[in-house]
Amino acid sequence: MALVGLFSAKDREFESKLNLLASVVEAHGGQVVSRHVQRRGVSSGGADKMGDPFSRRTLLSPGRAREIAEACRQRGVGVAVFANPLTDHQRAVLTDMFGCPVLTGEDL
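Predicted, not measured: the structure shown is a model, and the values here were computed from it.

A. Seen up close, the nonpolar core. Core analysis: the biggest nonpolar cluster contains 17 residues, and Leu60, Phe82, Phe98 and Val102 have the highest contact counts within it. The greatest single-element share of this core, amounting to four residues, is contributed by helix H2 (residues 62–75). The residues touching Phe82, leaving out its near neighbours within four places in the chain, are Val4, Leu21, Leu59, Leu60, Leu94, Phe98, Val102, Leu103, Thr104 and Gly105. Core analysis: the next-biggest nonpolar cluster, separate from the first, contains ten residues, Leu3, Ala22, Val25 and Val81 among them.

Here is the structure:
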């Protein structure tokens with residue numbers, strides 16, 4: 001499984017949030033093979049938008065979404081689990097893009 005999360009640059013606890021999600025995945029018999037983090041507000045000018053998704057379609061920036069999709073294909077990831085809530089449309093787009101089912105931590 002791949003873990004994915006979009007976090008504000010102000011969120012200093014993002015690693016512990018991913019560790020908790022990894023624990024839940026492993027408790028359900030899954031094995032985490034990769035972690036992918038997108039930080040929002042790190043670049044200048046991004047501070048005003050720290051809480052907003054990069055894209056309504058994918059939550060992530062287009063480049064990061066493509067990067068994660070390629071990593072999922074290369075590693076043969078069976079499921080990607082997001083730390084963030086996703087809309088049904090985002091799940092569908094990301095599932096198609098990543099080539100594997102996309103869940104959220106709330107689904108586990």
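After that view of the structure, there is still more to cover.
B. Expanded view of the pairing of strand E2 (residues 34–40). For E2, a buried count of five out of seven residues is recorded, marking the element as mostly surrounded by other parts of the structure. Direction of pairing for strand E1 (residues 2–8) relative to E2: parallel, over a ladder of seven bridges. From the neighbouring strand, Val4 faces E2, where its bridge partner is His36. Read from E1 through helix H1 (residues 14–27) to E2, the crossover connection turns out right-handed.

C. Examining H2 more closely. Taking 1.5 Å of rise per residue, 14 residues should cover 20 Å, and H2 covers 20 Å from first to last C-alpha, within 8% of that figure. What H2 keeps buried is the set Ala65, Ile68, Ala69, Ala71 and Cys72. An end-on view of H2 places all buried positions within 165° of arc, on one side of the element. When the buried face of H2 is taken as reference, the exposed residues oriented beyond 90 degrees from it are Pro62, Arg66 and Gln74. On its buried side, H2 packs onto E1, E2 and helix H3 (88–98). Gly76 sits one or two residues past H2 and shows a positive phi near 65°.

Here is what the cut-offs are and how they apply
- Residue numbers run consecutively from 1 along every chain, following the written order of its sequence.
- In keeping with the model being predicted, local features are shown solely for residues with a pLDDT of at least 70 and side-chain atom pairs are shown and tallied solely at 80 or more, while totals for entire chains, interfaces and linings include all residues.
- The side-chain values count all of the structure's non-hydrogen atoms but skip hydrogen atoms and water molecules.
- Think of a nonpolar core as a cluster: buried Ala, Val, Leu, Ile, Met, Phe, Trp, Tyr and Cys residues, connected wherever their side-chain atoms sit within 4.5 Å.
- Throughout, exposure labels follow a simple rule: accessible area from a 1.4 Å probe, protein chains only, divided by the maximum for the residue type, with under 20% read as buried, over 50% as exposed, and the rest as partly exposed.
- The numbering of helices and of strands both runs from the N terminus, where a helix is a DSSP run of H or I of at least 4 residues and a strand a run of E of at least 2.
- Contacts are assigned to residue pairs with any non-hydrogen atoms lying within 4.5 Å of each other.
- A pair of strands counts as paired when DSSP detects no fewer than two bridges linking them.
- When the strands point away from the viewer and the connection leading from the first strand across the helix to the second strand turns clockwise, the crossover is called right-handed.
- Multiplying 1.5 Å by the helix residue count minus one yields the expected span of that helix.
- The arc in question is traced by the directions running from the helix axis to the C-beta atoms.

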